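# Structural overview
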Amino acid sequence: MAKSNSPPRADSAKTTPLVVIGASAGGGDALSALLAQLSPDFPAPILIVQHMAATASTAAQIRLLGRGSVLPCKAADDGELPLPGHVYLPKPDHHLMLAGERMRLTKGARENRARPAIDALFRSAAVSHGNRVIGVILSGYLDDGTSGMEAIHRCGGRCVVQDPQDASYPDMPQNVINNARADHIVALADMGPLLRKLASRKHRKRKAVPADVAIESRIAERVLSDLESVEALGTLVPFNCPGCGGVLWEIGKAGQLRYRCHTGHAYTAGELLAAQTEKMEETLWVALRMFEENRNLLVTMRADGGGGAYGERIDQSAIHIGRIRAMLNSGTSDPDAQARVRRK
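All values reported here derive from a predicted model rather than from experimental measurement.

Criteria and thresholds
- Residues numbered from 1 in each chain as written.
- Predicted model: local features only at pLDDT ≥ 70, side-chain atom pairs only at ≥ 80, totals over all residues.
- Heavy atoms only, no water.
- Helix = DSSP H or I, 4+ residues; strand = E, 2+ residues; numbered from the N terminus.
- Buried < 20%, exposed > 50% of the residue type's maximum accessible area, 1.4 Å probe, protein only.
- Contact = heavy atoms within 4.5 Å.
- Areas by Shrake-Rupley, 256 points an atom, 1.4 Å probe, with all protein chains shown as cover.
- Lys, Arg positive; Asp, Glu negative; His and termini not counted.
- Charge placed at Lys NZ, Arg CZ, Asp CG, Glu CD.
- 1 Å grid on protein atoms, 1.4 Å probe; cavity = no way out; pocket = protein on both sides within 12 Å on 5 of 7 lines; lining within 4 Å.
- Points joined across faces, edges and corners; volume = space filled by probe spheres on them.
- Nonpolar A, V, L, I, M, F, W, Y, C, P; charged D, E, K, R; others polar.
- Pairing = 2+ DSSP bridges.
- Core = buried A, V, L, I, M, F, W, Y, C linked by side-chain atoms within 4.5 Å.
- Axes fitted to C-alpha atoms, helices over the stretch in contact; angles between N-to-C directions.
- Parallel < 35°, antiparallel > 145°, perpendicular 65-115°, else oblique.
- Left-handed = near helix turned anticlockwise from the far one by under 90°.

## A word on the overall build of the protein chain
- Along its length, the protein chain carries 11 helices and 13 strands.
- Its C-alpha atoms give the protein chain principal-axis dimensions of about 85 × 45 × 35 Å.
- Buried residues in the protein chain amount to 49% of all 344 residues.
- Considering only contacts within the protein chain whose residues lie at least 6 apart along the sequence, 68% involve residues at least 24 apart.
- Surface exposure of the protein chain reaches about 15,600 Å², of which carbon and sulfur atoms provide 53%.
- Measuring between centres, the 42 positive side-chain charges of the protein chain sit 6 Å from its 36 negative side-chain charges.

Structure follows, in structure tokens:
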């Protein structure tokens, strides 16, 4: 992939379109195939968030995306002005966002159990670039990106979704189609020419940024994080945040419910369920370990002269151990469903 020494063109930044792309499982190959369709004179910067582990290598991701692409690709720097025809990626364990025309890298709270998160990028792009944004959702599990695509639509941008039948993992594209707004649903092979056309087209009329979108974007930047602001977004519910243990507020509408705590963690309903399931399994493993330690101690004490005094308690511990093992073994045998829960 080529490198560029072009200086930032700040004078034209406020009229330049912007492409933001979100992907998860199966997204690496999809991103490589998409970028290979774009020419060096592509008229918009391209910012990409693909779910990655905190220990992942950005250099490795750049090499993967560079296969067959002529576009310069790099890890974004905080405060950098993105250039047309260039591809930018977040650094591991950082959100990639926009503040005005410049990119921001933050260590804000995870959204949908991810950092970087697609919703955080898309929402900030909608606030900063409004009708100049083209949002793209590719292959992936669950529904990160759905709320962000809705924000892009509400701010006047355009929404492009990979055809779920064409995606390796159709959850993310399908959830946008079902719950947000997709202006274009296309196969990956047709997406490059479409993005070129949209980026070269006259922008739609700019819309005022909805208050709730602006508040959530500021929370993700860690500029705003307080009870009053979150209370303005939704209703307090009797659920705890899996990320910090705090209380959650329910926001969104029927079919598009989301949850947020005042420290910044955010979840779609599906992601919250997955996080709760993961916490339940962790708790069961801890309980199993404690009961087995208790039983082993009782057995040791009986052998050390306790006689039959500990027999009943040993038997009771064995019953509890059996029940916990049965609960752990009763989990889904569907590997795809397990991957959804353990995606992070």
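Continuing now.
## Considering empty space enclosed by the protein
- For the structure on display, the rule yields two cavities of 30 Å³ or more.
- Its boundaries defined by the atoms lining it, the second largest cavity holds a volume of some 40 Å³.
- Lining of the second largest cavity is provided by Pro-17, Asn-131, Arg-132, Val-133, Ile-134, Arg-158, Leu-198, Ala-199 and His-203.
- Elements with a minimum of two residues in the lining of the second largest cavity: strand S7 (133-137) and helix H6 (191-200).
- Looking at the lining of the second largest cavity, its residues break down into five nonpolar, two polar and two charged.

## Focus: the pairing of strand S1 (residues 18-23)
- Taking burial as the measure, the six residues of S1 include six buried ones, the bulk of the element.
- Of the two faces of S1, the one holding Leu-18, Val-20 and Gly-22 and the one holding Val-19, Ile-21 and Ala-23 are both buried throughout.
- Alignment of S1 against S7, held across five bridges, turns out to be parallel. Paired with Ile-21 across the bridge in S7 is Val-136.
- Sheet topology places S1 next to strand S2 (residues 46-50); five bridges connect them, and they run parallel.

## Observations concerning the nonpolar core
- With 29 residues, the main nonpolar core has Ile-21, Ile-46, Ile-48, Val-136, Leu-138 and Val-160 as its most contacted residues.
- For this core, the element with the highest residue contribution is H6, accounting for five residues.
- Core analysis: the next-biggest nonpolar cluster, separate from the first, contains 28 residues, Ala-76, Leu-98, Ala-151 and Met-172 among them.

## What to know about the packing of helix H4 (residues 146-154) against helix H5 (residues 171-179)
- One can describe the packing of H4 onto H5 by two numbers: an axis separation of 9 Å at closest approach and a directional angle of 45°. Between H4 and H5, the angle falls in the class oblique. For the pair H4 and H5, the sense of crossing is right-handed. Together, Thr-146, Met-149 and Glu-150 of H4 and Asn-175, Val-176 and Asn-179 of H5 make up the contact between the two elements.
- Classifying every residue of the contact of H4 with H5 by side-chain character gives two nonpolar, three polar and one charged.

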